[in-house]
Amino acid sequence: MMKTLQEKRVLVYYSPVHSLHNPPHEHDRGFQVPYHEVPRRIEAAREALEDLAFTRLAPSQETVPDSILLAVHEAALINHLQQASRSAAAWEASHPEQGETYLTPWIYPLKPYMRQGLLDSSDPSGCFAFDIDVPIGKHSWDAIWASANLAFSAASAVLCGETDLAYALCRPPGHHAGPDYTGGYCYLNNAAIAAQTLLPLGKGAILDIDYHHGNGTQDIFWQRDDVLYVSIHADPTEEYPLFSGFVGERGEEQAAGWNLNLPLPMGSGDAAYQLALDVALQAIREKSANWLVLSAGYDTCADDPTSSFTLTDAMYTSIGERLQDLQIPVVVVHEGGYAVEANGRLAARLVTGLAK
Ligand code: SP5
Ligand code: ZN
């Protein structure tokens, strides 16, 4: 029986803890610029989703079990993130005149021989990051963990049949974080945690519509033939992360075809995006996915200050509708989006399309 918009309950998972993670700046060609990944992004999304008649805000009551966390990430990364937050707190306590402290990796072990010494040192942070935009403050671990728990809670609600559409208001985002590394504002891979949680339902798919390639998610599922990873993103020869997201990356030998990259030229708009979405949907159908995790970034929109794509607002409703056609349960995980208020109106459009 078809559900109407009013009957359908969309569960929205939110935690206020994210706002405690608020790094002051990132770097652009060596210059310090304001950090784009700001708390207001997720508050704008929460407000807009709460305003929809068919949504219900759900607190995250659950914590990711080790069996899921350690299937996605190495224990060393978890330990490092916790330790780095403690180090930031200790530094801040002993240097009160410096104000809020966010530790940033500064030595990166480019060669294998550099790694062990750095790992054993007092500041191994460069062993766990591939870029400089993942600073860690005293509350960062709490926010990172709360974010991962939202993804887990949303996926758990779908797993137990409580809903067939859940939205995790994750911040910090996750798709650049790999098995043992952070990068691009991402520390733990929330979408991968959601996908791993859904596996009791059988094979499924992650569709990544963030403007950037989700190199971390690709890496985590690279050898796996139970989770299809499909990503539509800006051409990595010109755009971050520059080292992955190419069409030739199709998964390891035994999992060939379980990774699909659909890079689009810089400056792409609705028409090109629509065609890529068709290809993505066909792949998801071909694999007979039982569930979908949607890595939802809004940095594809025309007014995003960091991206070149020009998607219109209507496109996000359309993406939701097209995914709704799959008739499988969906867990949406919030990723990027740096036109701050657009996170609200575009999340609302996406969910409205998905809930039809
Ligand atoms: C989750 C997410 O959307 N993360 C994106 C992180 C992208 N960071 C890219 C930083 C690019 C800095 N700009 C360099 C311009 C050189 N031309
Ligand atoms: Zn992005």
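Here, every reference points to the structure presented above.
Nothing here was measured: the structure is a model prediction, and the numbers come from that model. (Residues numbered from 1 in each chain as written. Chains lettered and ligands numbered in written order. Predicted model: local features only at pLDDT ≥ 70, side-chain atom pairs only at ≥ 80, totals over all residues. Heavy atoms only, no water.)

### Topic: helix 10 (residues 342–354)
Spanning 13 residues, helix 10 covers 18 Å between terminal C-alpha atoms, matching the ideal 18 Å at 1.5 Å per step. Burial within helix 10 is extensive, with eleven of its 13 residues counted as buried. For helix 10, every residue scored as buried is listed here: Ala342, Asn343, Gly344, Leu346, Ala347, Ala348, Leu350, Val351, Thr352, Gly353 and Leu354. (Helix = DSSP H or I, 4+ residues; strand = E, 2+ residues; numbered from the N terminus. Expected span 1.5 Å × (residues − 1). Buried < 20%, exposed > 50% of the residue type's maximum accessible area, 1.4 Å probe, protein only.)

### Let's talk about the layout of surface pockets
In this structure, the largest pocket encloses a volume near 570 Å³. Around the largest pocket, the lining is made up of 30 residues, and of these Glu26, Asp133, Tyr185, His212 and Tyr240 lie nearest the centre. Take the lining of the largest pocket: its biggest share by element is three residues, from strand 2 (residues 25–28). Of the residues contributing to the lining of the largest pocket, the split by class is twelve nonpolar, eight polar and ten charged. Approximately 310 Å³ is the volume found for the second largest pocket. What lines the second largest pocket is a set of 18 residues, among which His80, Ala84, Leu103, Asp123 and Ser125 lie closest to the centre. Residue composition of the lining of the second largest pocket, by class: ten nonpolar, seven polar and one charged. (1 Å grid on protein atoms, 1.4 Å probe; cavity = no way out; pocket = protein on both sides within 12 Å on 5 of 7 lines; lining within 4 Å. Points joined across faces, edges and corners; volume = space filled by probe spheres on them. Nonpolar A, V, L, I, M, F, W, Y, C, P; charged D, E, K, R; others polar.)

### Comments concerning the packing of aromatic side chains
Applying the stated criterion across every chain yields a total of eight aromatic pairs. Aromatic pair Tyr298 and Tyr316: ring centres 6.0 Å apart, planes at 45°, arrangement tilted. In this pair, Tyr298 is assigned in the loop between strand 9 (292–296) and helix 9 (313–324) and Tyr316 in helix 9, connecting sequence segments 18 residues apart. Residue classification places Tyr316 among the buried positions, given a relative accessible area of 0%. Cluster of aromatic residues (ring-pair linked, three or more members): Phe130, Tyr181, Tyr240 and Phe243. (Phe/Tyr/Trp six-rings, centres within 6.5 Å; stacked < 30°, edge-to-face > 60°.)

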